[in-house]
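Residue strings, one per chain:
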There are 2 protein chains.
Amino acid sequence: MADINTVATQFTDFYYTSFDRDRASLGPLYRPESMLTFEGTQHQGTSSIVEKLQSLPFQSVQHKVTTLDAQPSTNAGAIIVSVTGLLVVDGSENPLQFSQVFQLVPTGGTYFIFNDIFRLNYGA
Amino acid sequence: MADINTVATQFTDFYYTSFDRDRASLGPLYRPESMLTFEGTQHQGTSSIVEKLQSLPFQSVQHKVTTLDAQPSTNAGAIIVSVTGLLVVDGSENPLQFSQVFQLVPTGGTYFIFNDIFRLNYGA
């Protein structure tokens, strides 16, 4: 198995590229047991999560990863990924800071998202 | 078992109060298998983690939690906790934003920290 930093980098590259291009395409990364907490609202299961992501009120969005850290989780092969970065919404000149946490669980040579927690970070 | 938001709140209250008062007192929350990634540097095991926390170059520090989210992890009873907040270092008037992720694993009526990832968030 590839080392976890490589997996985390490949995953986040794929996730944010897909998110920024077509949020509906993220569906296959989730499962019925997957959880998303987005700005404090909770969603479980692929359809509920994709519906939430598609409902977000912006036309265009671009994620820029600033930091990416990964650690092995308790279950064999599962990975905790912590991301911080900037979100450029609708071409704004004032990017928003965000934090996002994933737990990736291996399945048949790839991974699905078990945990997903997203927060914007507002200044002091 | 208490609900996970209650556990996450009690844990973070205890963790940051202890951190801000006496970092050495955090040792019992970690185990030999615990991992800390602090600003990109990796540490494993209680003594290595506590040594890192004690070596941080500030006299006084205060954590102020802004957001706290929790989700059940894959293993029964384990919890993923995602925190964002502000760090007041040595009484500075310019608090730093931080993001921190924990995975808490139940053990004998309490929890220990399996994963711990800390990052400061710098502005755009």
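Chain A is annotated in an unreviewed UniProt entry as Nuclear transport factor 2 from Obba rivulosa. Quoted straight from UniProt, the Function (unreviewed entry) entry for chain A says "Has a role in nuclear-cytoplasmic transport of proteins and mRNAs."

Draft legend 1. Seen up close, the pairing of strand 4 (residues 79-89) of chain B. Residue and element names in this part refer to chain B. In terms of residue burial, strand 4 counts as a mostly covered element, since ten of its eleven residues are buried. Hairpin connection between strand 3 (residues 61-72) and strand 4: a loop of six residues separates the two successive antiparallel strands, and Gly 77 in this loop has a positive phi of roughly 85°. Across nine bridges, the pairing between strand 4 and strand 5 (residues 96-107) is antiparallel. Following the sheet pairing, Ile 79 is matched in strand 5 by Leu 104. Between the end of strand 4 and the start of strand 5, which pair antiparallel, lie six residues, with Asp 90 showing a positive phi angle near 50°.

Draft legend 2. Main features of the environment of Tyr122(A). Structurally, Tyr122(A) is set in the segment after strand 6 (110-121). Linking Tyr122(A) and Gln97(A), residues 25 residues apart in sequence, is a C-alpha distance of 7.2 Å. Here Tyr122(A) is in contact with Glu39(A) and Gln97(B), once residues within four sequence places are set aside.

Parameters at a glance
Position numbers for residues start from 1 in each chain and track the written sequence from start to end. Chain letters start at A and ligand numbers start at 1, both assigned in the order the entries are written. In keeping with the predicted nature of the model, local features appear solely for residues at pLDDT of at least 70, side-chain atom pairs appear and are counted solely at 80 or more, and the whole-chain, interface and lining totals rest on all residues. Note that water and hydrogens are dropped before the side-chain values are worked out from all heavy atoms of the structure. UniProt positions are given in the numbering used here, feature names are shortened, and annotations may be inferred rather than shown by experiment. Exposure is judged per residue with a 1.4 Å probe applied to protein chains only, and the accessible area is read against the type maximum: over 50% gives exposed, under 20% gives buried, and values in between give partly exposed. Numbering of helices and strands runs from the N terminus; a helix is a DSSP stretch of H or I covering at least four residues, while a strand is a stretch of E covering at least two. Each pair of strands is called paired provided DSSP finds at least two bridges between the two strands. Contacts are assigned to residue pairs with any non-hydrogen atoms lying within 4.5 Å of each other.

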